[in-house]
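Structural overview for review
Here is what each chain is made of, one letter per residue.
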Amino acid sequence: MTDRPNVLWIMADQLRFDYLSCYGHPHLHTPHIDALAARGVRFSNAYVQSPVCGPSRMSAYTGRYMRSHGSTWNGMPLRVGEPTLGDHLREAGARAVLVGKTHMRADLEGMAWLGIDPDSEIGVRRAECGFEPFERDDGLHPDSARQGWSAYDDYLVSHGFESDNPWEDFANSGLDADGELMSAWLLKNSRLAANVPEEHSETAYMTNRAMDFMESAAEDGRPWLCHLSYIKPHWPYIVPAPYHDMYDERHIVDPVRSVAERGDEHPLLGAYRNGRVCQTFARDEVRKHVIPAYMGLIKQLDDNLGRLFAWMDEKGLSENTIIAFASDHGDYMGDHWMGEKDFYHEMAVKVPMILADPRPEADPSRGSTCDALVEMIDLAPTFMTALGAEAKPHVIEGRDLTPILHGAGNINRRYAISEYDYHWSEMAEALGVAQEDARTTMIFDGRWKYVRCEGFDPILFDLESDPQELVDLGRSDARDHVAVRARMDAALLKWATQHHTRITATPDVLAGQKLAAEEGILIGFWDEAEFEAHTGFAFSDLTPKGRP
């Protein structure tokens, strides 16, 4: 127990908002996540700052938009010196600890330029998004040799699961009827049970490691934020028994798509849909194979969270720990004839977000649903407030959600923003788009979702009349639609031209800029009387350096 609350920040990778029962899924029941919502606030309009892992997470960890921190794609290093949540919390005497995934790639070139040893304390923090790594595991290493192993691989070997690649051969493969090992990288194998007992799976293992951290944190005494970042339900889509056959075709919700979408479609959306992943997930047999496994992974996650929450209750941690639950983006699962998550339909860019604050101040909002527009970058300033960190409006672009949590007001956001860089992709190649132009930006006001596509017409959806986003109004010549597009484009321009790199503008620096005259730097004054009338103090009191 500490005077300040602790924070457990849970993130599930590639979890759709609508695949939880508290968000309306008709067949997938998630009672433990639902119970968390019942004792906190469930946000129904939470949006990520990019619909892909790396930049979305870098925005979450910095509290800044993608165009501000510059990490625009998976594997794009977060530049050395970019302030992170962990940096801000350490200044306040709190720990920021990682258990799981970040998708962070260190700026080794920048560290070398500055003479920072990657193995030093500072170097490790720069390489881990500012977190203290209790356990880092991004999971994605299907062909790794020993040098690419994680602690989880070693854990599997220690429990008798030995191979050249335990992560691949046990946690992410299954056995067919003949006992042959089948990789879950092939979607046809998604319905097999993972070749590992549930208690040794990635989800169970990372849950245990979070408990290990919280057990050890008592000896330190400092308040902490623990980022428990699960690898699943991200692909490879395979789950251990008994979750592998809990769901079948009867539990699959019909896809959100229409034949008309494939008609006169936007060139960029057409290029996406003609790509390999979308072509695959548009097939019904693929959906029938993958979605039951995806649901099983989410059910397993919910059960492990139930185990974790019960353990926290038993240890007395629940009464002093804010619990936040979210995902970094969603998953199309064949909706709109698409796979993966690389655009801005609701199932990709909208995420679940639940915040449960045990303090009495949060009693007025307990069990409520908030439909205000919120963004993933809002979590950083909210955690900073809870752990006593100084507000930094010159750095943090998110908004503190504490007024909502405590029933004291709203944050009054007019627009949510998300960005995507597709320069790497087959879409850019197919369309002949240069690296500097392979960029889209979404702005959403709660009704109108406008996507600026550099070099192409915009895309526009009206979620009031078309909640499934089936009709693109980006090229409509109706007067109302023309006016909406102009308004949204102007709002994007205003957002884009705001300060976003002035992170050194601390209050002390800004105050110092106003002291120029007092220090004797005199520009534009005609005589002593004019100077004294303007500044309010005598010219004779200046230091000699300011004298003419």
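To be clear, the structure that these remarks concern was listed above.
Residues numbered from 1 in each chain as written. Predicted model: local features only at pLDDT ≥ 70, side-chain atom pairs only at ≥ 80, totals over all residues. Heavy atoms only, no water.

What follows is about the environment of N189. Mapped onto the secondary structure, N189 falls in the loop between β6 (181-183) and α9 (202-220). When the C-alpha positions of N189 and V290 are compared, they lie 8.7 Å apart, and in sequence the two are 101 residues distant. Once you skip the residues sitting within four places of it in the chain, N189 turns out to touch M182, S183 and I238. (Helix = DSSP H or I, 4+ residues; strand = E, 2+ residues; numbered from the N terminus. Contact = heavy atoms within 4.5 Å.)

Attention shifts here to the packing of aromatic side chains. Considering all chains together, one arrives at 23 aromatic pairs under this definition. Aromatic pair W167 and W185: ring centres 6.3 Å apart, planes at 50°, arrangement tilted. Taken together, the positions of W167 in helix α8 (residues 166-171) and W185 in the loop between β6 and α9 put the pair 18 residues apart, joining distant regions of the chain. Overall, the relative accessible area of 0% leaves W167 in the buried class. Accessibility expressed as a relative area gives 32% for W185, which makes it partly exposed. Three or more aromatic residues link up through ring pairs in this structure, and these residues are Y272, F343, Y344, Y420 and Y422. (Phe/Tyr/Trp six-rings, centres within 6.5 Å; stacked < 30°, edge-to-face > 60°. Buried < 20%, exposed > 50% of the residue type's maximum accessible area, 1.4 Å probe, protein only.)

Empty pockets left among the atoms are what a rolling probe the size of a water molecule brings to light. All chains considered together, the criterion is met by five cavities of 30 Å³ or more. Looking at the largest cavity, its volume works out to about 70 Å³. Looking at the lining of the largest cavity, the elements that each hand over two or more residues are α9 and α12 (284-315). In terms of residue class, the lining of the largest cavity is made up of seven nonpolar, four polar and two charged. Approximately 50 Å³ is the volume attributed to the second largest cavity. As for the second largest cavity, its lining consists of I322, D357, R359, T382, T385, A386, T402 and L405. Contributions of two or more residues to the lining of the second largest cavity are made by α14 (379-386) and α15 (402-405). (1 Å grid on protein atoms, 1.4 Å probe; cavity = no way out; pocket = protein on both sides within 12 Å on 5 of 7 lines; lining within 4 Å. Points joined across faces, edges and corners; volume = space filled by probe spheres on them. Nonpolar A, V, L, I, M, F, W, Y, C, P; charged D, E, K, R; others polar.)

It is worth spelling out the sheet that holds strand β12 (residues 416-421) at this point. One open sheet holds the four strands; their spatial order is β12-β13-β14-β15, and the pairing between them is antiparallel. The two strands at the open ends of the sheet, each matched to only one other strand, are β12 and β15 (459-462). For this sheet, the mean inter-axis angle between neighbouring strands, taken without regard to orientation, is 10°. With four bridges joining them, strand β14 (residues 448-453) and β15 adopt antiparallel strand pairing. (Pairing = 2+ DSSP bridges. Axes fitted to C-alpha atoms, helices over the stretch in contact; angles between N-to-C directions.)

Two elements in contact, α9 and α12, have axes separated by 9 Å at closest approach and are oriented at 20°. Classified by the angle between their axes, α9 and α12 sit roughly parallel to one another. Of the two elements, α9 crosses α12, and the hand of that crossing is right-handed. Contacts from T203, A204, T207, N208, M211, M214 and E215 in α9 reach Q300, L301, N304, R307, L308, W311, M312 and K315 in α12. (Parallel < 35°, antiparallel > 145°, perpendicular 65-115°, else oblique. Left-handed = near helix turned anticlockwise from the far one by under 90°.)

Let us now look at helix α7 (residues 151-158). Every buried residue belonging to α7 is among Y152, D153, Y155 and L156, and all of these are buried. Axial view of α7: buried residues confined to an arc of 160°, hence all on one face. The secondary structure elements touched by the buried residues of α7 are β4 (132-136), α8 and α9. Taken from the residues just after α7, G160 is the one with a positive phi, measuring 90°. (Arc of directions from axis to C-beta.)

A word on the pattern of salt bridges. Between side chains of opposite charge, pairing is possible as soon as their charged atoms come close. A complete count under the given rule lists 40 salt bridges for this structure. Here R64 and E82 are joined by a salt bridge, their closest N and O atoms 2.6 Å apart. Note that R64 is positioned in the loop between α2 (53-62) and α3 (66-69) and E82 in the loop between α3 and α4 (85-91), a separation of 18 residues in sequence. Across the pair, exposure class does not vary: R64 and E82 are buried alike. The partner of E285 in a salt bridge is R283, with the nearest N and O atoms 2.9 Å apart. Residue classification places E285 among the partly exposed positions, given a relative accessible area of 44%. What you see here is one network of salt bridges that share partners, running through D13, R57, K101 and D328. (Salt bridge = Lys/Arg side-chain N within 4 Å of Asp/Glu carboxyl O.)

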